[in-house]
Every structure is written in structure tokens, then in C-alpha cells.
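This is what each chain is made of:
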Amino acid sequence: MITFVITILGNSRTPFFWRQINAQSPLSFCMRHVFSDSNIWAKKYKKETRLDIESHWIKEFSNKWKEKISTKGPLEKKKEKFYCLSMFPYPSGKLHMGHVRVYTISDVMAHYHRMNGKEVIHPMGWDAFGLPAENAAILNNLDPAEWTEKNIAYMKQQMMDLNLCFDWDAEISTCHPSYYIWTQYLFVKLFEAGLAYRKKALVNWDPVDKTVLAHEQVDEHGCSWRSGAQVEKKLLEQWFLRATKYTKSLLDTLHEIEEDVGIKGMQQHWIGSIDGCYVDFQLEVDGKISGDSISVFCCHPDLVGEATHINLQSQFLEEISLLFKDAGGSNTTVKDLKETEEGCTVKDINAINPFNDETIPFVIGNHHMESYSKALSVLGVPCKHPRDHEIAAKYNLLIKVKTVKLTKEEALKKIKKLKCGQDYMSSSNLHDWLVSRQRRWGTPIPIVHCPYHGPVTVPEKELPITLPHYTENLDEWKKTTCPKCGRASIKETDTMDTFVDSSWYFMRFTDPQNENEIFSKDKCNYSMPVDLYVGGIEHATLHLYYARFISHFCADIGLMKHREPFKKILAQGIIKGKTYRAHSSGKYLPQSQVEQNGSELFDRKTKEKVDVTFEKMSKSKLNGVDPSEFIAEWGITITRLFVLYAAAPSEVIHWDVKTDIIPGVMRWQMKLWRCVGRLIEARKQPSPKTCADPVMEYNIAQQTNATIKQVTDLFETSCTLSAAITSLMTVARYCHGIKDETIQSSPEYERLVCTQVIMATPMMPHFTSELWTGLQGMNYNLTSQKWNKPVLDQEWPKPTKLAEPQKFRVLVNNKYCTKLIVPNEVTKDEELIKLALLHSKVVKALKTNPVQRLDLRKDKKLINVITDQFIKINNKQ
């Protein structure tokens, strides 16, 4: 026997899906089990059938998506739109199962809303800037652009192999000048609005990636969100975006977001409450103003002039020491500060109150920690806090400051006039967004540093400022002239945080090919907000916060009308893989190195006991599942059903193929296959001359309506696709209880089967396309479907209106027995009596006693069955 290995989709690289074909005859390459090709319906749904069906429809769908893109016209604004967006990926090289899950969910929802007649927007792109590309370039002497483009090409092909229905005509990449020209445009607009500024600040330095991190990118253990390294503190000149100015705006519209897993609570917790503002106090060292300043949180800006001291919170002494040392303080090492007792002043360094130019001391004080735990320093106002009053009294600081008492609004105006901090109320939880990154593979900040004018934005007509080639000398690249005066100047060499790139991409998707403006306001207003945003719950704080801030800003400057970018967020849980670790050392082991002896696991090499847990999939833990390998074994449809049925979207999936998930979804497929097969077989017979049983028709119609309502509600409300599959499994089992003689003449059975096939289509379009082709080949139809169109073009089923049935009380020998529900179509006396006598409860009550008389009272909806035995007993009495 010769075995050929061929690819279903011919690619130059190793594809997802391989098949082995037994080549004993020239017919080996025919799709023998596909009705679409053979016009023969296989009675059993075997593995060969499954593979043949998938290979056939992969090709059909690939052609369909290509044709759709080539013939795509403008959006039909008369139709209701549905913007379905999955978070675009970083092109790391290969898709992982987390990607497969999120993109399958969005693909399902896009199909569902398209079948509901909506204009579906379902784009895909690449969050392409990032440290891995630059690190790989440094390590291998590669161009990061070349590395990135290669990864994009590979991952895009993986997505196309999955037959996901993305609109590739709208594809964007954040590292392409056609995209980042508009990221730079947004930065210019932020600068013009006073929301982008540069200042010396204490920053979080990642010693591994050698770049600055925003406060939000450092975890609770003080480690980098990306590299995991312990973060260091440095004082550097950095660019910030004044995101704190939008605190109130972001809190005010938070209620507009629909979600089910506490994302709004996470945003609320992250932002905090509006409880004050930060004011800059100049530092005085040894009696001289140093030129440096410290941002102090003031919960009562109207009482800044009444302040007597500044409380330094001890958990931030390392940062404070760096700040003081840079200002020239000689007795302000971390050791010095730690040796200063709680409630005592710091030696040789003070602050200048901007409201009255008075000198006030620094005090080590933690009494504000509970309320303002993220503030490095808090203003001491004796009239508002007993402990501040005690400290002021201890050092005789209760001198009445000669200032006019201000309202809060007046105080904020004064801060603005003095340019000494936030002229708005914000949250002590938040800091302005630090966007400077000391790396080359990122969006260049469009600023020129002029020795005369200071920072000057690059004129819009000169954008984009393109990246230097990785081999280009940066000293030469940064030489330029000032746009204002023409003096010799230098370009800003910092690049932007990649979170800036991803903070507005959903808006660019609304008009991705526009070369003249960031996007058409008209198109953006039509498409936005995103109706369903699908992605990992780990992005429910940082990315969501930044994206909402930029969206609110864009609305404020008139780029679009919508403030909130996302109408509904579907945060999907992570996928955890089975993880093997040596019991004593904790070393991660590959599954191939683990053997089982009884109920215990051991390392094949060392014979050491092995512990097994489920942990988030990662290369380092050796517990990842390559989508290519899984699909090669099980195919696209089973892969889709696995990630959909294993858990609700928001729940964690424990990836284990030995569970009952795969057998469960395969049994469902087999039941559906048999449902369609029975209907095809029944319709080979001549068209029935008798009508279907009206009671059975009514019962089937009720089942169909209930299923439509239940599945539709799950799609529309919670997007709990696992429950939708369960509901469809239940109705498939119900179908198998219907007798063959009913099927031939039953329009409602046909409707029920068609309904199942259509509603299962978003989850497994390859399989249901074959089922639908089989239904299209029936000799005759008893229902009105769009029989000349494929299943993906069918309308989503809607419940039919059923007339209120007749309800009869059935008595046996004058005693109540049961309630009989009869369709309105049943009107003849003999039909009503026949149905009553066939009712299971009536049969049980009669036992074997012959029926002597039947009393039918239609006006009173009553049927009384009298037995021969009952009459005899009564006659004797």
C-alpha cells in the first residue's frame, strides 16, 4: 500500500491540515464522502466523511472570502451595523490556542449577526511594534521590520487556514508608516491641547529590556509586566500624556459599557475616586531653591495655602531619596530617611508653597496611607487631619498663613495660572501616562528640540517622522532644523509606548485606506462604537483605560461623536495547559518525558515523582498546545467546537483532550448527520397524500420555537456559546425520538432540522454547509427556506406564531384524569375522541376495561370516558 500526503490548502510552508489518503486506486483522490461531490448521503458519519467534508469546504470558503473581498463595495448604511472586533495580536511568530479561542468567538458572533441581516464589520490587523522584535534584531543582527513582516505573513496564513471570515481588505499594521503617521498626528493634537508634556520624573526602569515602564506596567511585586525583571527607579526627562485630566469623564461614562465579568468594577478600582489633585512644590536645599520639584497630592486644593508640611509615605522612600539626591540633598539617602522616625522632619531639605512662597518641611508620615496608598507624598493640612495637627503643633507650625480663603474652583484656577500642577480634580490612584520608551522599534515621537523654542511639534504636512534603519547612526538621523525658526535642532529619539498604537486602532479600522485624514468622521460615526469587543480579561485595565482616554479625547476635538469606544466587552478567560513538574526540584518537564505507573506519574529519565497541574500555557512551562498539531489531528471544526464548548467565554479552559468534550461534540455532529439523513431518506418516497398529525406538528413547533428563543437569547445577551451548543444538542436528541412515519409528511420536522442546521452554522460552518447541501438535494420541500442559497446566507430563524391550542378536561368515569392540549386545526369529533383515548394517562386509567360511552362537550371543553365496568357497577347499585 502506498501512502500519499497532500495538503488541503497548497502553501509553501507547513500547513495546518494534512491528510493521509490510501492510494490503492485512481479514485483515491475523489471526495467520496461528500454529498456536494457524489450526490450520495453517507448513512454513517465516519472520520473519513469528516475529513472529506472539511477539505471540500475549506476550499469553498477560501474562494468565497476572496470573492467577497474583491467585490466589496461601500458599507450599506441603510442596514443596521454590527462592529465585531477581536483584539489584534502582536506578531510573535505563531498563533497559540488563546488566539484560536478569541478569534473563533469573534468569528461565530460575526456569522450570527450577518445572518441576522446586519452590516458586519469584522477586521483584523497587527499590533506590530514591540520589544521582542527589537531584541531579536539585536541578537541576530536582523532588521526588526523584516522579522515582524515575516511573522505577520506566517500568522496571517495560520488565520486563513482556520477559514476565519476576517475582512483582510481592512488589514492594518501599527509599524507601517501609513498607520503611525496618524499615531504621530494624535500626539501632535494632544500636545496642542496641553495634554502631552515633558518633564524630569522618577520612572520605572526595566533593566532587562532597558526601557522605561508606565506605573501601570509594574505589577504588585514591583516587576515588569513583560520581562518579569525587578524594576529600578531612575530620574529621567520623559514624555507624559495628561490622562488624569479625563478621570471624571472616564468615570461618568463607565456605565455605558455592557459586560458580565466585573470589567467595569476593575476600571472603577483602577481609576479610583476623584479625591484631589497633584500640586508641584519646588525644592529648597540648604536654604537655596534647587530648580527641582516634587508632586504632592492635595485632597483639598482650596487649603494649599493653609498647609504646614508635606507627608512622605515610607513605602516610597527609595524614590524620594533619588529625587532629593538629584536636587542636591546630602542627608537624604534611603538610610537617612529610614532612620528618620515617623512624625519627624527631614533635615536640610524643604519645599516652597506655590500659593504663598512659604517654606514648609518634609515629614515622614504614613497616616494618609490608607486613603492615598499610591501617592508618594501628601500635603499636611492641620485643619483636616488630627495627625497633621499633632505634627504641626510638635514643630510649632500652626502659624496662621496670611492668605485669602479660596473655593475649590478658585484654587484650581490659581494652579492653572501658576502652572504648578493639575488644575482639575483627579484620583490619587492615577498618574499621568508615561509614554516615552528608549527603544528604536516604535512610533517616533514627532517633536524637535530647538535650543531657542524648546520642544516643537513637527508640522502635520511633514509627518510621518519615519524610523531610522536599524543600521543607521542615530546621531546623524536626529540632526534637523526647528520648524519655527530654522535653527539647528535635534529630533526626539524616544519612541512611544506600544499602548499608544493600540489605543485608537479600532477607529482606524472604520476607514483603513484613508491617506488624507486619520479617518472619515462620517464613516467613524457610522461604525463606532465597537458593538462587541472580544479579548483577554488581562487587558481589562491597562489597554481599556488607555483606549477609553484616547477615544474621549478624539470626541472632544471633533474627530467623532462617540466618547465610549466599546458598547459591549466579552472578556475571555485564559487557556491552561496540563503542566508537569519534577516533585523535588520543580523543574518543568515535557509530556513526552513523563510516564505513568498506576495512578502516579514519574520522570522517564530520573524516575522522580512528577506533579501535574493546570497552568497558563507558555513555552517556558512546556505545556503549550500547537494549534497546527491539534488541527492536523482533529480538523478545524472539532478545534472550533472544543474552544467553544469547553467553557463559557469568560471561564478558564483546562486543555485536556482526554475529557468528554471531543466525544460530546462528535456525538452531536453524528446526531445532526442522522437527522438530515433521515429527512433525505424520507423524501425519496412520493409526496404524502395525507396531512401530518396536527398534535405532533404542534408539539414539534413548540420545541422549535423554544430552541430558537433559547439559543438566540444566549447569543444576544451573555454570548454563552457553550450553553447554546448544549441547547442544540438537546434538540438533536429530541429529533431522534420522532418516528419515521412522521418525518415524511411533517413540515414542522423539516423546519426543526433546518433550524438546527442554520443555528449551528456560526459554530461549525464547514459541517453545516454540507448538511445544508444535503437538504437542498431533497426531492421535495415542505417549508419555505432560501433553498437556492448556501447556509451562511440563510436568515436566522425566528419563532412562528402558534395559535392558542384547545384545552380539554378529560374525565374517566366522571373523575378528572388529565388535560388534553389539541391544536385548533383538530375540529372533528372523532379526531378529538381518538386523541383523548390515546393519551397515556387515559390509557393507564382505563387499564383493560372496554369503553362503553364517550361524552364530548365542546362548549365546556370536556370529554368524559365511561367504561363498561363503571356502568355495570352503577346499575347494580
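Structure first, text after, so check above.
Quick summary incoming for the structure in this document. (Residues numbered from 1 in each chain as written. Predicted model: local features only at pLDDT ≥ 70, side-chain atom pairs only at ≥ 80, totals over all residues. Heavy atoms only, no water.)

**A few points about the overall build of the protein**
Assigned secondary structure in the protein consists of 27 helices and 34 strands. Expressed along its principal axes, the backbone C-alpha trace of the protein runs to roughly 120 × 80 × 65 Å. Here the protein holds 877 residues, and the buried ones make up 54% of them. The long-range share in the protein, meaning contacts at least 24 apart out of those at least 6 apart in sequence, stands at 72%. Carbon and sulfur atoms form 51% of the exposed surface of the protein, whose accessible area is close to 40700 Å². (Helix = DSSP H or I, 4+ residues; strand = E, 2+ residues; numbered from the N terminus. Buried < 20%, exposed > 50% of the residue type's maximum accessible area, 1.4 Å probe, protein only. Contact = heavy atoms within 4.5 Å. Areas by Shrake-Rupley, 256 points an atom, 1.4 Å probe, with all protein chains shown as cover.)

**Overview of the nonpolar core**
Counting 174 residues, the largest nonpolar core has Trp433, Tyr505, Phe506, Met507, Trp668, Phe715 and Leu775 as its most contacted members. The biggest single contributor to this core is helix H19 (residues 661-682), with 12 residues. Trp668 has contacts with Leu641, Ile725, Leu728, Met729, Ala732, Ala760 and Met764, leaving out every residue within four places of it along the chain. By size, the runner-up hydrophobic cluster in this structure holds 37 residues, among which are Val285, Ala351, Leu379 and Ile415. (Core = buried A, V, L, I, M, F, W, Y, C linked by side-chain atoms within 4.5 Å.)

**Things to note about the side chain of Glu697**
Among the structural elements, Glu697 can be located in helix H20 (residues 694-716). For the buried Glu697, no salt bridge is present, and the opposite-charge side chain at shortest range is Arg683, 8.3 Å distant. The residues touching Glu697, leaving out its near neighbours within four places in the chain, are Ala692, Ser746, Pro747, Glu748 and Tyr749. (Lys, Arg positive; Asp, Glu negative; His and termini not counted. Salt bridge = Lys/Arg side-chain N within 4 Å of Asp/Glu carboxyl O.)

**Considering the sheet that holds strand S9 (residues 232-241)**
If you walk across this open sheet you meet the four strands as S8-S7-S9-S16, and the pairing is antiparallel. Strands at the two margins of the open sheet, each flanked by one partner only, are strand S8 (211-213) and strand S16 (433-434). By the bridge criterion, three bridges tie strand S7 (residues 196-206) to S8 in an arrangement that is antiparallel. From the neighbouring strand, Asp206 faces S8, where its bridge partner is Thr211. Relative to S9, helix H9 (residues 317-327) is tilted by about 80°, and along the sheet it contacts S7 and S9. (Pairing = 2+ DSSP bridges. Axes fitted to C-alpha atoms, helices over the stretch in contact; angles between N-to-C directions.)

**Here we look at the sheet that holds strand S23 (residues 532-536)**
Strand order in the open sheet formed by four strands is S4-S3-S23-S24, and the pairing between neighbours is parallel. Edge strands, defined here as strands with exactly one partner in the open sheet, are strand S4 (119-121) and strand S24 (569-572). For this sheet, the mean inter-axis angle between neighbouring strands, taken without regard to orientation, is 15°.

**Brief notes about helix H6 (residues 177-192)**
Over its 16 residues, H6 extends 22 Å from the first C-alpha to the last, a length consistent with the 22 Å expected when each residue adds 1.5 Å. Of all 16 residues in H6, 12 are buried, a share of seventy percent or more. Those residues of H6 that fall on the buried side of the exposure criterion are Tyr179, Tyr180, Ile181, Trp182, Thr183, Gln184, Tyr185, Leu186, Phe187, Val188, Lys189 and Leu190. Of the residues one or two after H6, Gly194 is the one with positive phi, at around 75°. (Expected span 1.5 Å × (residues − 1).)

**Notes on the packing of helix H4 (residues 131-140) against helix H5 (residues 144-161)**
In contact at an axis separation of 8 Å, H4 and H5 are set at 120° when each is read in the N-to-C sense. One element, H4, and the other, H5, form an angle in the oblique class. Helix-helix and strand crossings are classified by hand; for H4 and H5 the assignment is right-handed. Taking contact as the criterion, the partners of Pro132, Ala133, Glu134, Ala136 and Ala137 in H4 are, on H5, Pro144, Trp147 and Thr148. Looking at side-chain class alone, the contact of H4 with H5 contains six nonpolar, one polar and one charged residues. (Parallel < 35°, antiparallel > 145°, perpendicular 65-115°, else oblique. Left-handed = near helix turned anticlockwise from the far one by under 90°. Nonpolar A, V, L, I, M, F, W, Y, C, P; charged D, E, K, R; others polar.)

**Regarding the pattern of salt bridges**
One pass over the structure, following the stated rule, counts 34 salt bridges. With its nearest N and O atoms 2.7 Å apart, the salt bridge here joins Asp252 to Lys248. Taken together, the residues span about one helical turn, with Asp252 and Lys248 both in helix H7 (residues 247-252) at a distance of four residues. Asp252 gets classed as partly exposed once you look at its relative accessible area, which sits at 41%. Among the salt bridges present, the one from Asp868 reaches Lys872, with a minimum N-O distance of 3.1 Å.

**Considering the environment of Ala555**
Within the secondary structure, Ala555 sits in helix H17 (residues 542-556). Residue class for Ala555 comes out buried when judged on its relative accessible area of 15%. Taking the C-alpha atoms as reference points, Ala555 and Leu95, 460 residues apart in sequence, are found 35 Å from one another. The contact partners of Ala555, leaving out residues within four places of it in the chain, are Met560, His562 and Arg563.

**Details of the pairing of strand S19 (residues 454-457)**
Successive side chains on a regular strand alternate, one facing one side of the sheet and the next facing the other. Relative to S19, strand S18 (residues 447-450) runs antiparallel, the two sharing four bridges. Within the sheet, the bridge partner assigned to His449 lies in S19 and is Pro455. The hairpin turn running from S18 into S19, its antiparallel successor, is three residues long.

**Description of the packing of aromatic side chains**
Considering all chains together, one arrives at 36 aromatic pairs under this definition. Aromatic pair Trp126 and Trp168: ring centres 6.5 Å apart, planes at 20°, arrangement stacked. Remark: Trp168 occurs in strand S6 (residues 167-173) and Trp126 occurs in strand S5 (residues 123-126); sequence separation between them is 42 residues. With relative accessibility at 0%, the residue Trp126 sits in the buried group. Look at Tyr197 and Phe240: their rings are 5.5 Å apart centre to centre, the planes differ by 15°, and that puts the pair in the stacked class. (Phe/Tyr/Trp six-rings, centres within 6.5 Å; stacked < 30°, edge-to-face > 60°.)

**Examining the pairing of strand S25 (residues 575-582)**
As judged from the three bridges shared by S25 and strand S30 (residues 653-655), these two strands associate in the parallel manner. Its bridge partner lying in S30, Lys576 is registered against His654. Summarising the sheet, S25 and strand S29 (residues 609-616) pair through seven bridges and their orientation is antiparallel. Looking at S29, one finds that Lys576 is bridged to Lys616. Judged from the two bridges that link them, S25 and strand S26 (residues 588-589) form a sheet pairing that is antiparallel. In the sheet register, Tyr580 faces S26, and the bridge partner there is Leu589. Here S25 folds back onto S26 in antiparallel fashion, the turn holding five residues, of which Gly586 has a positive phi close to 80°.

**A closer look at the packing of H20 against helix H23 (residues 747-760)**
For any two helices packed against each other, the geometry is given by the interaxial angle and the distance between the axes. Put simply, H20 and H23 touch, their axes get as near as 8 Å, and they point 15° apart. When the interaxial angle is binned, H20 and H23 end up roughly parallel. Judged by the twist between their axes, the crossing of H20 over H23 is left-handed. Contacts between H20 and H23 pair Glu697, Ile700, Ala701, Thr704, Asn705, Thr707, Ile708 and Val711 from the former with Pro747, Glu748, Tyr749, Arg751, Leu752, Thr755 and Met759 from the latter. Within the contact of H20 with H23, the residues separate by chemical class into eight nonpolar, four polar and three charged.

Distances and angles like these do not, on their own, reveal function.
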